[in-house]
Structure formats: C-alpha cells, structure tokens
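Each chain, letter by letter, is given below.
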Amino acid sequence: MSGHLLAGLAANPALPAELLARLIERLLARSASGPDESPEEADAELARVLSERPDLGPARVAALAACDEDAALHLARAGLLDAAGVDPAARPAVALALLDEGAGPPGWARLLAAHPDREIRRRLASVPGLPLDVSEALAADPDVEVVAELALWTTEPSVAGPLAAHPHAEVRRGAASNEATPPAALAALITGEGLAPARSCLVCDREEIPFTHDPYCPRTDCDLRGGAACAGGHESTLHEIRQQAARNPATPTAAAASLADHPSLLIRWALAERTDLSQELYARLAEDPIPGVRSEVAENPAIGEPLIRALAARCGKGGKNAKGGAGGDEVAHSLARHPRLPLDVLAHLARETRIGPALLPRIAGAVPAELAQAAASADARVRMLVAQRRDLEPELRDTLAADTDAAVVKAVAPHPGLSEEQLRAMVGLHGVRVLARVAANPGAPPALLEELARHDPPVRRAFREIAGHPNATAGALLPALADERARPRAARHPALPAAVLADLITDPDPEVARAAAANPSLPVDVMTDLLGDLLNHRWGERDGASDRRPSGPRPGRPPRG
C-alpha cells in the first residue's frame, strides 16, 4: 500500500516543481486511461491532497478539477476554480459548489432547478441568494423534500412566508427554523391561528398509519427520523415545528412564551435558549424538573443577577435527587460559563463543583482590576481560573507562575513571556505535574525542551507537546518518537535529521510514514527516489514493474520505547 506515501509527498511544501509536475501528470494519465479503469480510493485522496496545495496555478487547478470530483469541489469552495471551465449539465455538483460560493452565473441555478435528479434540486434549494424566479420554481417543485429545503434556507420573506402555510407539514417544519420567515407566520405555526391544518407529513406519505418509527430501525432504505410518528394528525412533525419556532429568534416573544408550560421537555428546552423572555419566565424555566432546561437558562446571557445568584445558591446543595442536585453539576457548569457572572458567584461555583481547566467567558472578559482581585483569592481553584488567560499583565502572570499550588502553575505555564528561569523553577518545584504544560510554552528554549524530553520518568503528554513545538531540536524530538501518539506529529517536524526522516518513510504506521513524506526537510534526492519507486509500484504494473515495497535509505530506527 503506497497511497499514504504519495499523499504525504503531495502535501510536502518543499516538493520540487518538477516532481510535483510528474506526480500530477501521472495522476491525470491514470484518470484519462478510460472507463475500464475504475478510480481507486487512494487516487481520490491523492487528488484531494494535491488540490490543497497553494502553488498549483490555473492550469493545474483546471486539470485536477477535470480528473476528480472531490478535488473539483475543494477547489471550487476555495475560490480557485474558474466557472468558465465547468459545464453545469455535466458536473452539477461542482456547479452547485460554485453557486454556493457566489462564483456561478445565475443561469446555472435556472438550469439546475429543472434537473431530473431530486438531490441536485434539493441541494440547489439551500444555495444562498438564489434569483427569485428560481426560488419560486423550487417552491413549486413536485418533490416535497426539495420544497422543505427551500423553506429552511431561503432568505426571501416573500418565499418563506407562504411556505410556512404549505399543506405539507415537512415544509412548515423547514419554515419554522428559518429566521427569514415573517414573524406573523412563525406565530401561527405555534398557535395555529389563521392556519389551515397540514394535510400530510413524511410518515403518512410512506407508511400506513398509525405508525411510529423505530429509532433503531434496521431498514437500510428508510430515512425517517427516529421517533417519527403519525396517527392522522402528523404528531411528531407538528411537535418539531413548535420546537423549531420556539427556538427561532424571529418568532414573536409572546407566541414563544405561550409554550412555557408545554409538556414536552424539548420545547421548553428550546424556549430556554431565547434571549428575549421576561425575567419572570426565565425564573419559571429555572425551576423546571429537567436539568437540561435549567442548564440552558443558567448559561443564557439574558438572565439577570438575582436569578444568577438564586441558581448558584442551589448548586451543590440538596444531594443528587434534589432539584438543585439532580443535574446540579450540569447547571453549575452552565452557570460558570455565563458571561456576566459576578466574580463572587464564580468563586462559590469553583468551590462547589469541579469546573476544570477552561477559560471561562467571565474571566476572558474581566478587566485587569477584576483579574487581580480573583488572582488574590485564597482559593487555588479561583486563581487557576485566572491563570487560563494568555494576556495577563506581566506582574500578575509572574505572581501566578510562582504560586505554590501545582494546578495554578500548570494553568499558567503555557503563558507567553515566561522566562527560561521561571519555567525551570516550575519544573523544579512541581515536577511531572507541570512538565507537559511547561513544554507547551511557546517560548520554551531548545535546551529546556531537550531536558524535558529526557526526563526520568518520561511524561508522555510532554512528548506530544514537544513533537509540535517550533523550538524543538533533534535532541528533543528523537525521544518523542518513542510515544505512539507523539510519533506522527514528530515525524512532521522539520528539525528531524534527514537520515531519521528517510527511515520513517518505511515506518509500519501509515500515519507516521505519511507525515515523514510530507516533511519539508526530507532531502530532495530521497523525494526523487521515493516518488520514482512509488509511481512504479503503484501505476507501473502495465510496464512490467515488480510489486515491491518502496525503498530508501534505512539507518537505524529510533527506539519506540
């Protein structure tokens, strides 16, 4: 199997122009070899990797797009493919990608709106900025799923409004999610006022009712949603319509608020996401028996400080079965992510629940005085939260770097600007507990990284940080190769010696070998020999080439450990 090595070479930024040309020419020759030659998966992967290179030029872009559909789609989405070279009738998927990027002419949309493949029309319906006449044609499409897709994605209120009253419930479901749907139409989807009942849904279109779809349906030809049900009233789809409309910010607040006591937890959960409800209604939802609903309220930026404090007071109290305890940690974690959380409440939450090493929105938005106040807390869990920032004032950063608590030091260790002496002091005081995070510091000098890589006992996570560190030297990278997870990353590092890279391209792990082939430090003569071997091994069978493993210089492989 040589595909991984070809893909690695194809991605190598230092691949000489003549080798790149040779690789592309062989791929194009294979794709043009005729209909009897079915393309291999590895060929498609090679074309995709080549399409991601920044140095192709217009001619190679056009050639790659012509030989592989996935490559053409990538080039189209990257803005590199010229629409003038694409025939929308022959390559509708590529034309759709260009339309999606605003790079295709409007005439293409009109052509594809009449395409015989319903999937092409359905994908067209999601394209932004369609001409109005195309949207109108799709709204009248005989396939309801095409119309439902249009209802979900159109940005024209004049199109979305009528679709919210479509006789098919699936189309209404799409309109319920669309912020372009007029507010009055969204309100009607919740209240039913002035809206004729839907006449059909996907369930009764396909099955004899009453019918409830098995969430674990074994039928491979069935694409009904799990739990889809209809007993004549299109029940599951109507439920989804209300759920989507409750979540839609374009739905009038009063209409959405009418669902506050709905028996469905999913509808109440969707309602709790809104940022335009009254504080009284948020307080009601905060008493919901379902932890997920309460958590959604807790994280909602629209709730006020009184409710924030009330929710925090319940966190950690009452045991696992109390309202503040069943899912209490879930609510506490959500509340900790509230962007306007008072710092004293954050300190309370840090004591009551394990928040973990994350930069919280409130800390990210804190001003220097607030950060200094929190960093002076007697509770290391609060200081650790401040230490997650990467733009602290030098004095505050240095104070946290000298903290006696390992968790605080571990959090601040990757902060830019720390000196070598400070990093060494961290390791000297806290040892293996902070080693990996010290290795992650962008300013860690080469000598320190080498020492961390040779630490006894070895710290596997440190190897993974060293493997991708721009300051890592060969002396630091060679020990990192012993770690299976660090090995592929280290194989990509340009500081690896040429002899080691030449050996790694024969590594039994395809990910490691591919990374080595993509390494810009791989010598040109090794690239040349490797490419020649690979092309003969992969595509030279017609010329009588032997089926042999790619060769290359093989000095001793670094120990895996």
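**Some words on the overall build of the protein chain**
The secondary structure content of the protein chain amounts to 36 helices and 2 strands. Counting only C-alpha atoms, the protein chain reaches 80 × 75 × 40 Å along its principal axes. Every one of the 561 residues in the protein chain was classed for burial, and the buried ones make up 49%. The contacts in the protein chain between residues at least 6 apart in sequence include a share of 53% that link residues at least 24 apart.

**Details of the environment of Arg172**
Of note, Arg172 is situated in helix H12 (residues 169–177). A relative accessible area of 4% places Arg172 in the buried class. Linking Arg172 and Ala148, residues 24 residues apart in sequence, is a C-alpha distance of 7.4 Å.

**Thoughts on the state of the cysteines**
In the structure shown here, the tally under the stated rule is 0 disulfides. Among the cysteines around Cys201, which has no disulfide bond, Cys204 carries the closest sulfur, lying 3.7 Å off. Judged by its relative accessible area of 25%, Cys204 is partly exposed.

**Things to note about the nonpolar core**
A general feature of soluble globular proteins is that nonpolar side chains tend to end up buried together. Counting residues in each nonpolar core, the largest one holds 174 residues, and the members touching the most others are Leu124, Leu349 and Met426. Broken down by element, the residue count for this core peaks at 7 residues, all from helix H6 (residues 92–100). Setting aside residues up to four positions removed in sequence, Leu349 forms contacts with Ala312, Cys315, Ala332, Leu335, Ala336, Leu341 and Ile355.

**Overview of the packing of helix H1 (residues 3–11) against helix H35 (residues 510–517)**
To characterise two packed helices, one gives the angle between the axes of the helices and the distance between these axes. Across the interface, H1 lies against H35 with an axial gap of 7 Å and an inter-helix angle of 30°. With respect to H35, the element H1 is oriented roughly parallel. Here the hand of the crossing between H1 and H35 comes out right-handed. Across from His4, Leu5, Ala7, Gly8 and Leu9 in H1, the residues of H35 making contact are Pro510, Ala513, Arg514 and Ala517. Taken together, the residues that form the contact of H1 with H35 break down as 6 nonpolar, 2 polar and 1 charged.

**Describing H1**
Across the 9 residues that make up H1, a large majority, 8, are buried. The set of residues buried in H1 consists of Gly3, His4, Leu5, Leu6, Ala7, Gly8, Leu9 and Ala10.

**What about the environment of Leu307?**
Structurally, Leu307 is set in helix H20 (residues 305–314). Counting along the chain gives 28 residues from Leu307 to Gln279, while the straight-line C-alpha distance between them is 8.0 Å. Residues in contact with Leu307, not counting those within four places in the same chain, are Tyr282, Ala283, Ala286 and Val297.

**Here we look at the packing of helix H10 (residues 144–153) against H12**
At their nearest, the axes of H10 and H12 sit 7 Å apart, and the two run at 15° to each other. Taken together, the axes of H10 and H12 lie roughly parallel to each other. Here H10 runs over H12; the crossing is right-handed. Contacts from Val144, Val147, Ala148, Ala151 and Leu152 of H10 reach H12 at Glu170, Val171, Gly174, Ala175 and Ser177. When grouped by side-chain class, the residues that make up the contact of H10 with H12 number 7 nonpolar, 2 polar and 1 charged.

**Description of a positive patch on the surface**
Residues Arg354, Lys410, Arg461 and Arg485 make up a contiguous surface patch of positive charge. With respect to the secondary-structure elements, Arg354 resides in the loop between helix H22 (343–352) and helix H23 (361–364).

**Quick word on unusual backbone geometry**
For the bond running from Ile209 to Pro210, omega is 0°, close enough to zero to count as cis. When you line up the elements, Pro210 lands in the loop between helix H14 (202–206) and strand E1 (211–212). Asp456 connects to Pro457 through a cis peptide bond whose omega is 5°. Relative to the helices and strands, Pro457 is located in the loop between helix H30 (446–453) and helix H31 (460–467).

**Focus on the environment of Ile209**
With respect to the helices, strands and loops of the structure, Ile209 is situated in the loop between H14 and E1. On the basis of relative accessible area, Ile209 is assigned to the partly exposed category, the value being 35%. Ile209 sits 21 residues away from Cys230 along the chain, and the two C-alpha atoms are 6.3 Å apart. Once residues within four sequence positions are removed from consideration, Ile209 is found in contact with Cys204, Cys230, Ala231 and Gly232.

**Examining the pattern of salt bridges**
Charged atoms that come close allow side chains of opposite charge to pair. For the structure shown, the criterion picks out 38 salt bridges. Look at the salt bridges and you will find they share partners, linking Arg118, Asp143, Glu145, Arg206 and Asp223 into a network.

**A closer look at H31**
Taken together, the buried positions of H31 are Ala462, Phe463, Ile466 and Ala467. An end-on view of H31 places all buried positions within 135° of arc, on one side of the element. Against helix H29 (435–439), H30, helix H32 (474–480) and helix H33 (487–491) lie the buried residues of H31.

**Considerations on the side chain of Asp483**
Residue position: Asp483 is located in the loop between H32 and H33. Of the polar contacts made by the side chain of Asp483, one reaches the side chain of Arg464; its length is 3.0 Å.

**A short note on the confidence of the model for the protein chain**
In this model, the protein chain carries a mean pLDDT of 91, and residues with pLDDT of at least 70 account for 92%. The low-confidence segment residues 318–326, where pLDDT is below 50, has 17 contacts with residues more than four positions distant or belonging to other chains. Every residue in residues 541–561 is under pLDDT 50, and counting partners more than four places away or in other chains gives 44 contacts.

Rules of the game
- Residues numbered from 1 in each chain as written.
- Predicted model: local features only at pLDDT ≥ 70, side-chain atom pairs only at ≥ 80, totals over all residues.
- Heavy atoms only, no water.
- Helix = DSSP H or I, 4+ residues; strand = E, 2+ residues; numbered from the N terminus.
- Buried < 20%, exposed > 50% of the residue type's maximum accessible area, 1.4 Å probe, protein only.
- Contact = heavy atoms within 4.5 Å.
- Disulfide = S-S within 2.5 Å.
- Core = buried A, V, L, I, M, F, W, Y, C linked by side-chain atoms within 4.5 Å.
- Axes fitted to C-alpha atoms, helices over the stretch in contact; angles between N-to-C directions.
- Parallel < 35°, antiparallel > 145°, perpendicular 65-115°, else oblique.
- Left-handed = near helix turned anticlockwise from the far one by under 90°.
- Nonpolar A, V, L, I, M, F, W, Y, C, P; charged D, E, K, R; others polar.
- Patch = residues over 30% accessible without salt bridge, like charges linked within 9 Å, V, L, I, M, F, W, Y side chains within 5 Å.
- Areas by Shrake-Rupley, 256 points an atom, 1.4 Å probe, with all protein chains shown as cover.
- Salt bridge = Lys/Arg side-chain N within 4 Å of Asp/Glu carboxyl O.
- Lys, Arg positive; Asp, Glu negative; His and termini not counted.
- Charge placed at Lys NZ, Arg CZ, Asp CG, Glu CD.
- Arc of directions from axis to C-beta.
- Polar contact = N/O pair within 3.5 Å; in protein donor to acceptor, adjacent residues only side chain to side chain.
- pLDDT = per-residue confidence, 0-100.

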